Amino acid sequence: MAITHLLMDDERFKHYQEQAVRAFNKKLGYNNLKAALCLHNIGCAHARKKRLEESLSSFEDALRIRILHLGNHEDVAITLCNMSFILFEQKEYFMSLELLNESKGIMELRLGSNHKMVADVTHYIGHVYDLKGEQSNALAWYKKTLVLKKIAYSDDDVVLGIDYSCIGNILYDRKEYEEALFYLENALRVRQAYLPDDNLDIATNLYDIGYVYHDMGKTADAINFLEKALKMRKILLGFDHYSIEDTNSSLGHMYAKQGDHVKALASLDEALRIRQLNEAYEKLADTLNNMGIVHRSAGDVDKAIVCYEEALQILHKCASGDGMKSHDIYFNLGNLYDGTNSNEKAMECYNHALRGTIEAFGENSNQVAAVLSNMCTVHFKLGERDVALTNLEEVLRIRKHNFGDSHEEVATAYYNLGVLHLRRGELPIARVRFEDALESFRAIGIGDSNQIFANALRNVGLIAQQM
């Protein structure tokens, strides 16, 4: 029957299974085990077509018959396991976990606690917790799986790769980079020992290890692993696959961090080409924004402006032009216009950025404070000093709301207010703000080695001389 299944599509397979159920029921009577097997197979066919309700119904019928005849049998456990997958797809996580635990208990009873199938179900339980976002539970179950698989297979079997990877990725999310690297490198080791060189799991491992190195600040090592992943993915998936676009985008970011603008732009241009091909418009805008950042870093302001404006045009076409998707681009474009003293254009961009940032992060977010801080500079250049002061006071309020009184960002906000009051000729208020900055810096152990601290200390002295 399995061979027949391989030679036909799911619809034809399901049709023959349904005919078999009718035939077995006619010959053997209802609730026979052969019909149960066919019902189980029908459930699998429905599942592959994402017909979840029909799949669950077929599995339930199969389960009822198998329990009737077999009791706590491994076939019952397998059906419970498959039902849990359907419930998981329906986001019924609690019920999915209940069935998996029931399946695991039956398998342990029938097959022994160290059996391969017990290890598989243990992994599935971890997977449900992982996708639920319960990382501590997922980590515990994946580690249990690793122990079981080492007993059921061997210390270096390829089946350990998926659990090493899952553990490594959770540890990466938790910023436990050294330990994440240990597990991801073990995943790569067992896979390279058993699998052909051009394997997607190996490519994914290389990519994941690269990102751990990136977040550890080891950009050169990160690039090395991502380049290997890119080469392998091109061989396996072709040059236009979304994962090629994703890898190129990541490489562009990393090359930019290294100051290699030529390679950064080459990688981002390749990502741009694929995103244009796939009509992934919001991602297309994101790539253009990143290219604008690289052009600006390379000193090519005109090309940067072109990239930012093209990105905004794309977002406007897909109804994201003045909201959460575009605030970063408006902010970056505002910075460029600010740097070239195109003050009116800068202010227009910052106003767009402010609206989108508030929508995305809320009025008390640090991102809003960053936009207001930059707007203050432009307001001051336009002679709107009262508005600039209002903006900086709002920045201070937000920073204190998020960080408390003693934080570097709070100290910097005090310092910027001091500078503005000094430029307005309000020496007593300026002195108070500089002293507030010094107090905030000292509370967190920052002293003369910090440039802003040194400037505040000097300004306090100069104001004292003038008063």
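Aromatic ring pairs: the centre-centre distance and the angle between the two ring planes describe each pair. Under the criterion given, the structure shown has 10 aromatic pairs. Seen from their ring centres, tyrosine 164 and tyrosine 183 are 6.1 Å apart, and the 45 degrees between their planes marks the pair as tilted. Note that tyrosine 164 is positioned in helix α9 (residues 160-173) and tyrosine 183 in helix α10 (residues 177-194), a separation of 19 residues in sequence. Assigned by exposure class, tyrosine 164 and tyrosine 183 land together as buried. The interplanar angle of 70 degrees and the centroid separation of 6.1 Å between the aromatic rings of phenylalanine 441 and phenylalanine 453 together place this pair among those described as edge-to-face. Note that phenylalanine 441 is positioned in helix α22 (residues 427-443) and phenylalanine 453 in helix α23 (residues 451-466), a separation of 12 residues in sequence. The pair phenylalanine 441 / phenylalanine 453 is uniform in exposure class, with both members buried. The ring of tryptophan 141 has lysine 144 lying over it, and the distance from NZ or CZ to the ring centre is 4.1 Å.

Let us look at helix α21 (residues 408-423). The end-to-end C-alpha separation of α21 is 23 Å, in line with the 22 Å expected for 16 residues at 1.5 Å each. Within the sequence span of α21, burial applies to Val410, Ala411, Thr412, Ala413, Tyr414, Tyr415, Leu417, Gly418, Val419, Leu420 and His421. Of the surrounding secondary structure, the elements contacted by the buried residues of α21 are α19 (366-381), α20 (385-403), α22 and α23. Looking one or two residues past α21, glycine 425 carries a phi angle of roughly 80 degrees, positive in sign.

Relative to the elements of secondary structure, leucine 288 occurs in helix α15 (residues 281-297). When the C-alpha positions of leucine 288 and arginine 399 are compared, they lie 31 Å apart, and in sequence the two are 111 residues distant. Those residues in contact with leucine 288 that lie beyond four places of it in its chain are Leu272, Cys307, Glu310, Ala311 and Ile314.

The phi dihedral of asparagine 31 is positive, around 65 degrees, even though this residue is not glycine. Within the fold, asparagine 31 resides in the loop between α2 (10-28) and α3 (33-48). By relative accessible area, which is 30% here, asparagine 31 ends up partly exposed. The phi dihedral of lysine 91 is positive, around 65 degrees, even though this residue is not glycine.

Bringing the packing of helix α13 (residues 242-257) against helix α14 (residues 261-277) into the picture now. Closest axis-to-axis distance for the α13/α14 pair is 7 Å, and the angle between their directions is 155 degrees. The orientation of α13 relative to α14 falls into the category roughly antiparallel. The handedness of the crossing between α13 and α14 comes out as left-handed. Here Ile244, Glu245, Asn248, Ser249, Leu251, Gly252, Tyr255 and Ala256 of α13 lie close against α14, whose contacting residues are Lys263, Ala264, Ser267, Leu268, Glu270, Ala271, Ile274 and Arg275. Residue composition of the contact of α13 with α14, grouped by class: eight nonpolar, four polar and four charged.

Among the structural elements, glutamine 135 can be located in helix α8 (residues 135-152). On a C-alpha basis, the gap between glutamine 135 and isoleucine 305 in space is 42 Å, while along the polypeptide they are 170 residues apart. Dropping the residues within four chain positions of it, glutamine 135 is found in contact with Ile170, Asp173 and Arg174.

Helix length check: helix α16 (residues 301-317), at 17 residues, gives a terminal C-alpha distance of 25 Å against a target of 24 Å (1.5 Å per residue), a fit within 8%. If you follow the buried residues of α16, they end up packed against α15 and α17 (327-339).

Further remarks concern the pattern of salt bridges. Inspection of every chain in the model, using the stated rule, returns 21 salt bridges. In this structure, arginine 110 and glutamate 74 form a salt bridge, with 2.9 Å as the shortest nitrogen-oxygen distance. With arginine 110 in helix α6 (residues 93-111) and glutamate 74 in helix α5 (residues 74-89), this pair connects stretches of sequence that are 36 residues apart. Taking the relative accessible area as the measure of exposure, arginine 110 reaches 43% and is therefore partly exposed. For arginine 275, the salt bridge goes to glutamate 245, with nearest N and O atoms at 2.8 Å. Of the two residues, arginine 275 is situated in helix α14 and glutamate 245 in helix α13; the sequence distance between them amounts to 30 residues. Like glutamate 245, arginine 275 is buried. One salt-bridge network, held together by shared partners, links Asp240, Glu270 and Arg273.

Analysis parameters
- Residues numbered from 1 in each chain as written.
- Predicted model: local features only at pLDDT ≥ 70, side-chain atom pairs only at ≥ 80, totals over all residues.
- Heavy atoms only, no water.
- Phe/Tyr/Trp six-rings, centres within 6.5 Å; stacked < 30°, edge-to-face > 60°.
- Helix = DSSP H or I, 4+ residues; strand = E, 2+ residues; numbered from the N terminus.
- Buried < 20%, exposed > 50% of the residue type's maximum accessible area, 1.4 Å probe, protein only.
- Lys NZ or Arg CZ within 6 Å of the ring centre and 35° of its normal.
- Expected span 1.5 Å × (residues − 1).
- Contact = heavy atoms within 4.5 Å.
- Axes fitted to C-alpha atoms, helices over the stretch in contact; angles between N-to-C directions.
- Parallel < 35°, antiparallel > 145°, perpendicular 65-115°, else oblique.
- Left-handed = near helix turned anticlockwise from the far one by under 90°.
- Nonpolar A, V, L, I, M, F, W, Y, C, P; charged D, E, K, R; others polar.
- Salt bridge = Lys/Arg side-chain N within 4 Å of Asp/Glu carboxyl O.

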